[in-house]
Amino acid sequence: GGGGGGAGGEKQDRGERPPNAPDEDEIERRIQERNDARRKGDFGRADSVRDDLKARGVVLSDEKGGQGNGLMVTSWRYWHD
């Protein structure tokens, strides 16, 4: 027999969600908001979104996308003090 495999929906290990942390939907929305601010050159706003999330137990990290086109991909994970 055998036959396995499947869609690689590997879930990122984001750690345990702290009690006061926003849920994934809200985090994705805030990341979108931050990206919009950065596109407009409003880096103060972008920083405040990041700092706000960090205060609530979510760390953002920006990485270059795999396409080599300079696109930034923002991933996130929960963290605890």
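Quick summary incoming for the structure in this document.

Basis of the calculations
- Residues numbered from 1 in each chain as written.
- Predicted model: local features only at pLDDT ≥ 70, side-chain atom pairs only at ≥ 80, totals over all residues.
- Heavy atoms only, no water.
- Salt bridge = Lys/Arg side-chain N within 4 Å of Asp/Glu carboxyl O.
- Helix = DSSP H or I, 4+ residues; strand = E, 2+ residues; numbered from the N terminus.
- Buried < 20%, exposed > 50% of the residue type's maximum accessible area, 1.4 Å probe, protein only.
- Phe/Tyr/Trp six-rings, centres within 6.5 Å; stacked < 30°, edge-to-face > 60°.
- Lys NZ or Arg CZ within 6 Å of the ring centre and 35° of its normal.
- Expected span 1.5 Å × (residues − 1).
- Arc of directions from axis to C-beta.

This structure, assessed with the given rule, holds 10 salt bridges. Residue Arg 30 pairs with Glu 33 through a salt bridge whose shortest N-O separation is 3.3 Å. You can see Arg 30 and its partner Glu 33 sitting in helix 1 (residues 24-39), three residues apart, about one turn around the helix. On the accessibility criterion, Glu 33 (27% relative accessible area) is partly exposed. Across the pair Glu 33 and Arg 45 runs a salt bridge whose closest N-O atoms are separated by 2.2 Å.

This model, assessed by the stated rule, comprises one aromatic pair. A centroid spacing of 5.0 Å and a plane angle of 75 degrees characterise the contact between Trp 76 and Tyr 78, whose relative ring orientation is edge-to-face. For the pair formed by Trp 76 and Tyr 78, the shared burial category is buried. Between the NZ or CZ atom of Lys 54 and the centre of the ring of Trp 79, over which it lies, the distance is 5.5 Å.

Over its 16 residues, helix 1 runs 22 Å from end to end, which matches the ideal 22 Å to within 8%, given 1.5 Å per residue. Taken as a whole, helix 1 has its buried residues at Ile 27, Arg 30, Ile 31, Arg 34 and Ala 37. For helix 1, the angular spread of the buried residues around the axis is 120 degrees, confining them to a single face. Summarising the geometry of helix 1, the exposed residues directed more than 90 degrees from the buried face are Asp 25, Arg 29 and Arg 39.

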